[in-house]
Amino acid sequence: MTETWLNNPREGAPCTIIAEVAQAHDGSLGMAHAFIDAAANAGADAIKFQTHIADAESTLAEPWRKRFSQQDVTRLDYWRRMEFTPEQWQGLKAHSDNRGLLFLSSPFSMAALQLLQRIGVAGWKIPSGEINNPHLLEAMGVSGQPIMISTGMSPWEEIDKAVELVRGFDVPLAVLQCTSMYPCPPEQVGLNVIQEFRERYRCAVGLSDHSAAIYAGLAAASLGIEVLEVHFTPSRELFGPDIPASVTTVELKQLVEGVRAIETMRAHPVDKSAPSDAVKPLRGIFMKSVVARVDIPANTLIQAGHLAAKKPGSGIPAERMDTLIGMRTRVAIAKDSLISMKELTED
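Residues numbered from 1 in each chain as written. Predicted model: local features only at pLDDT ≥ 70, side-chain atom pairs only at ≥ 80, totals over all residues. Heavy atoms only, no water.

Peer 1: Which residues make up the packing of aromatic side chains, and what values do they have?
Peer 2: For any pair of aromatic rings, the description rests on two quantities: the centre-to-centre distance and the angle between the ring planes. Scanning all chains against the criterion turns up nine aromatic pairs. Look at F84 and W89: their rings are 5.4 Å apart centre to centre, the planes differ by 75°, and that puts the pair in the edge-to-face class. Taken together, a centroid distance of 6.4 Å and an interplanar angle of 50° make the contact between W156 and Y201 tilted. Taken together, the positions of W156 in helix α7 (residues 156-167) and Y201 in helix α8 (residues 191-201) put the pair 45 residues apart, joining distant regions of the chain. Joined through ring pairs, the aromatic side chains of F49, F84, W89 and F103 make up one cluster. (Phe/Tyr/Trp six-rings, centres within 6.5 Å; stacked < 30°, edge-to-face > 60°. Helix = DSSP H or I, 4+ residues; strand = E, 2+ residues; numbered from the N terminus.)

Have a look at this one:
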């Protein structure tokens with residue numbers, strides 16, 4: 001298992017890339033297991049579900065965010081269809097462990113949190129809609145495990161209160177920029193907020209992305225985030241409310257590769273004060289030297305028209321061409337020959 005912030009929280013730890021299933025399994029246990037394999041094959045560090053216990057979370061009065069289901073009369077009916085049994089959750093956890101994935105699931109009620117505590121999670125992700133639920137946050141803090149706060153619908157005051165509450169438990173903390181739009185357009189991603197979180201809270205930061213593309217995640221990685229969460233799906237032709245805000249499994253693999261490449265770049269700053277050992281041999285190939293533009297007889301006073309700059313760069317550097325004007329040739333120099341100082345003399 002790759003060492004990342006979530007399994008070794010520390011400053012500068014590699015980014016934890018979380019493959020978010022959410023409700024994309026549409027209540028199918030088989031699909032949920034398929035998502036685990038897909039996330040592992042793409043190179044993600046963690047798999048994240050959502051644990052909904054309908055009667056502990058919702059009421060008949062809950063409206064639809066977007067009416068998409070023809071089989072669920074109410075939103076509460078939908079949440080009931082999304083439920084898995086404790087044994088099924090245990091199977092998902094075991095499958096994740098076997099594939100080397102950190103197992104996560106966001107609880108949307110105290111009952112869901114207690115269930116997940118029995119199953120075992122690598123940490124807690126506070127959903128944007130639960131940030132103002134102090135009893136849930138306190139229960140997470142008591143566990144002593146890392147906590148990630150999503151901020152998709154909250155102003156600063158609400159975020160400040162949640163951070164202060166979690167900090168009271170002295171647990172590893174990451175605050176994630178998030179915009180609760182599905183999908184989220186580029187102008188609403190809010191990359192600027194990531195650095196504001198870093199400065200304001202002096203903790204790990206990240207992005208919970210709903211943009212349905214890899215660009216926001218890569219841009220955030222260039223800022224040095226510790227956590228990146230992205231919704232994913234094997235196909236955008238699948239059914240469900242989360243599909244439009246998801247990347248495909250192919251794109252998830254590209255995202256993982258891109259984040260790791262960006263981390264490598266950030267970890268290896270380049271010193272431009274001198275060419276690197278890898279670049280030095282190339283100077284002789286690609287740079288240009290001073291050569292004879294025409295055949296130059298011996299005892300000729302060099303003029304500008306006698307000289308040209310051509311490859312290779314193993315002779316007198318082209319930048320010194322003007323210093324040769326006014327010198328005299330000791331010997332005849334053939335056209336396109338590299339000129340050397342031993343062939344010239346001060347007039």
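Having seen it, we continue.
Peer 1: A description of the pattern of salt bridges should follow, citing residues and the corresponding values.
Peer 2: The final tally for this structure, using the stated rule, is 18 salt bridges. Across the pair K125 and E229 runs a salt bridge, and its minimum N-O distance is 2.6 Å. With a gap of 104 residues between them, K125 in strand β4 (residues 124-126) and E229 in strand β8 (residues 227-233) connect regions that are remote in the sequence. For the pair K125 and E229, one class covers both residues: buried. Measuring nitrogen to oxygen at the nearest pair gives 2.7 Å for the salt bridge that ties D336 to K310. Taken together, the positions of D336 in the loop between β12 (328-329) and β13 (344-345) and K310 in strand β11 (residues 307-310) put the pair 26 residues apart, joining distant regions of the chain. A relative accessible area of 36% means that K310 is categorised as partly exposed. Residues joined in a network through salt bridges with shared partners are E20, K48, K125 and E229. (Salt bridge = Lys/Arg side-chain N within 4 Å of Asp/Glu carboxyl O. Buried < 20%, exposed > 50% of the residue type's maximum accessible area, 1.4 Å probe, protein only.)

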